[in-house]
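Observations on chain architecture
Each chain, letter by letter, is given below.
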Amino acid sequence: MINPLRGMKDLTFDESNRFVHIVTTATNVAKKYGYNYIETPILEETSLFKRSVGESSDIVGKEMYQFDDKGGNDVCMRPEGTAGIVRAFVSAKLDRQPMKQKFYYYGPMFRYERPQKGRLREFHQFGCESFGEGSVYEDFTIITMISQIFEELGIGFDLLINSLGCVTCMPPYKQNLVNFLTEIKEDLCEDCNRRIDTNPIRVLDCKNATCQSLLVNSPKLIDNLCDECDSDFKQLTQLLDKAGISYQVDTNLVRGLDYYNKTAFEFVSNEIGSQSAIAGGGRYDKLVEFLDGKPTPAVGFAIGIERIMELVQMPQMQKEGIYLGAMTPEAVEALLPIATAKRKEQKVTVEYASKGFKSHMKGADKVNARYAVLIGEDELKDGTLWIKDLESKEEKTIPVETF
Ligand code: HAM
């Protein structure tokens, strides 16, 4: 027997129903907020992720499914969706159009991580990317949209927010932080030591308890924001307060991808173990320009579909559609034109084997049909159908042509 690869999963039965329910619910909400569907390739040039997610990030440094294709091109299975969508946005010259553009997407992402509960090597995201809107109102609106998606799915969450500043306030802060980290270097873990040189702000979200205790007194970017970033962040908190969306400011929330500036956020759940982030996102105002487009502010997010799979409250299954059965072999073929006609309106399950009454009723129950429709010897002779409404329990015999 051939099994799926480590860290990769088949979605079958209950899980596939949950998957469809999550994507449908999120899609309906995204459409209400004005988002259109976008689909981009799973395989992209490796340089796309190096330039956007960042060479010093764990994703690019350790986790990429990267290989040379048969033509010798250095390619990579996308580890996330944003980079490909920005590339598509620039490729289609949408950066030169005056109107704002909003896209939603869902699909598989690939990261060669150490698999564990909530952490897969192939996982699925539902995400949205909004281009052309620099106002903090859009950050607020995106957070509202995610809250609405989780609310409609019946999922509780905690919201963490931070500001990652901009080209004005981030560089002096980084230098400040490096000075602080250099002083305590010897007591920090190996990863942090490496990051002091490559990506110092990532030290802030090190999971090592000793490092965390040493970082309590580190300089915080939130206290060193420039006037614009500071006022945007304050406005965001006020908007969330007014809307009754609770949040915590987490000054160590830096996100694992390098393209962010200003607002960064994560939605976490305390019900799913250590891999608790169920959605993440933020602003990335420089990325379009960085990938050779015209300067375009942007903000977006992605939800980890597998992480919320168990948390989703599935709607009660309603009895639905028709179960068609024959009680004599000669009647089986008569079911087919009825099925074809009725399938234009609703779900129809046809049992091809002629069976007794009880067995058909069990079959109708198994597929959760609303109506059981049977043809026996008499019905075949008379050109009629026997029909039972399995909700109201009402039964009747009617001519085939009136069905
Ligand atoms: P991210 O935080 O790397 O952000 O991923 C978003 C979500 O994907 C996470 O919160 C988590 O739920 C899920 N996820 C990540 N890695 C795994 C994994 N190995 N197994 C299962 N689930 C996982 C991004 O990817 C950004 N592109 C989000 C974004 C969009 N920012 C702006 N626009």
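Residues numbered from 1 in each chain as written. Predicted model: local features only at pLDDT ≥ 70, side-chain atom pairs only at ≥ 80, totals over all residues. Heavy atoms only, no water.

Considerations on the overall build of the chain
Selection criterion: Secondary structure follows DSSP: runs of H or I at least 4 residues long count as helices, runs of E at least 2 residues long count as strands, and numbering of each begins at the N terminus. It is over C-alpha atoms that the radius of gyration is taken, and the globule rule equals 2.2 Å times the number of residues to the power 0.38. Only the protein chains shown count as cover for residues, and all accessible areas are computed by the Shrake-Rupley method using a 1.4 Å probe. The positive count covers Lys and Arg only, the negative count covers Asp and Glu only, and His and the chain ends enter neither. By convention, the charge on Lys lies at NZ, on Arg at CZ, on Asp at CG and on Glu at CD.
Of regular secondary structure, the chain possesses 14 helices and 16 strands. For the chain, whose C-alpha radius of gyration is 27 Å, the value lies well above the compact-globule estimate of 22 Å for 403 residues. Each of the three principal axes of the chain carries a C-alpha extent, and together these read 95 × 50 × 45 Å. Surface exposure of the chain reaches about 20500 Å², of which carbon and sulfur atoms provide 50%. Charged side chains in the chain number 49 positive and 60 negative. The centres of these two groups are separated by 2 Å.

A closer look at a negative patch on the surface
Spelled out, the test is: A patch consists of residues whose relative accessible area exceeds 30% and which take part in no salt bridge; residues with like charges are grouped when within 9 Å of each other, and nonpolar side chains (Val, Leu, Ile, Met, Phe, Trp, Tyr) when within 5 Å. Whenever Lys or Arg places a side-chain nitrogen within 4 Å of a carboxyl oxygen from Asp or Glu, that contact is recorded as a salt bridge. Accessible area is worked out with a 1.4 Å probe on protein chains only. A residue is then buried under 20% of its type maximum, exposed over 50%, and partly exposed in between.
Together, Glu330, Glu377, Asp378 and Asp382 make up a negatively charged patch on the protein surface. Tracing the backbone shows Asp382 in helix 14 (residues 377-382). Residue Asp382 is classed as exposed on the basis of its relative accessible area of 52%.

Considerations on helix 12 (residues 332-342)
Given 3.6 residues per turn, any residue in an α-helix points the same way as the ones three and four places further on. The following threshold applies: To be clear, the arc concerns the directions from the helix axis to the C-beta atoms. Two residues form a contact once any of their heavy atoms are found within 4.5 Å.
Where helix 12 is concerned, the buried positions are Val332, Leu335, Ile338, Ala339 and Lys342. Taken end-on, helix 12 shows its buried residues confined to a sector of 105°, consistent with a single buried face. Facing away from the buried side of helix 12 by over 90 degrees, the exposed positions are Glu333, Pro337 and Thr340. Elements that come into contact with the buried residues of helix 12 comprise strand 12 (322-326), strand 13 (348-350), strand 14 (371-375) and strand 15 (384-389).

A short note on empty space enclosed by the protein
Condition: Here a cavity denotes grid points, spaced 1 Å and computed from the protein atoms alone, that fit a 1.4 Å probe unable to get out, and a pocket denotes an open set having protein on both sides within 12 Å along at least 5 of 7 lines; residues with an atom within 4 Å of a point are the lining. Grid points are joined across faces, edges and corners, and a volume is the space filled by probe spheres set on the points. Under the convention adopted here, Pro, Cys and the residues Ala, Val, Leu, Ile, Met, Phe, Trp and Tyr are nonpolar, Asp, Glu, Lys and Arg are charged, and Gly plus all remaining residues are polar.
What the rule picks out here adds up to four cavities of 30 Å³ or more. Roughly 70 Å³ of volume is contained in the largest cavity. Along the walls of the largest cavity sit Tyr37, Ile38, Glu39, Thr40, Arg78, Gly81, Ile85, Tyr105 and Tyr106, which together make up its complete lining. Residues belonging to the lining of the largest cavity are distributed by class as follows: five nonpolar, two polar and two charged. Contributing to the lining of the second largest cavity are Asn162, Ser163, Leu164, Met170, Tyr173, Ile201, Leu204, Leu221, Thr251, Leu253 and Val254. Contributions of two or more residues to the lining of the second largest cavity are made by strand 7 (158-163) and helix 6 (170-184). Of the residues belonging to the lining of the second largest cavity, the class tally is eight nonpolar, three polar and no charged.

Overview of the sheet that holds strand 2 (residues 43-45)
Spelled out, the test is: Strand pairing follows a simple DSSP-based rule, namely that at least 2 bridges must link the two strands. For helices, the fitted axis covers only the stretch in contact; all axes are lines through C-alpha atoms, and the angles between them, taken along N-to-C directions, range from 0 to 180 degrees.
Pairing within the open sheet is antiparallel, and its three strands lie in the order 2-4-3. The strands lining the two open edges of the sheet, one partner per strand, are strand 2 and strand 3 (65-68). Going across the sheet, the axis of each strand differs from the next one's by a mean of 35°, ignoring polarity. Pairing between strand 2 and strand 4 (residues 74-77): three bridges, direction antiparallel. Bridge pairing in strand 4 links Leu43 to Met77.

Observations regarding the site of the ligand
In plain terms, the rule: Any residue with a heavy atom lying within 4 Å of a molecule or strand is counted as near it. Polar contacts, as counted here, are pairs of nitrogen or oxygen atoms within 3.5 Å of one another; within protein the pair requires one atom able to donate a hydrogen and one able to accept it, and residues that are adjacent in sequence qualify only if both atoms are side-chain atoms.
Around the ligand, the surrounding shell holds 26 residues, and the nearest of these are Glu80, Glu113, Leu120, Glu129 and Tyr260. Measuring from a nitrogen atom of the ligand, one finds a side-chain N or O atom of Glu113 at 2.7 Å. Between the ligand and Phe301 there is a distance of 3.2 Å, counted from a nitrogen atom to a backbone nitrogen or oxygen. Computed on the free molecule, the ligand has an accessible area of 660 Å², of which 96% lies beneath the protein chains in the complex. If one sorts the elements of the shell around the ligand by residue count, strand 10 (residues 277-283) sits on top with five residues.

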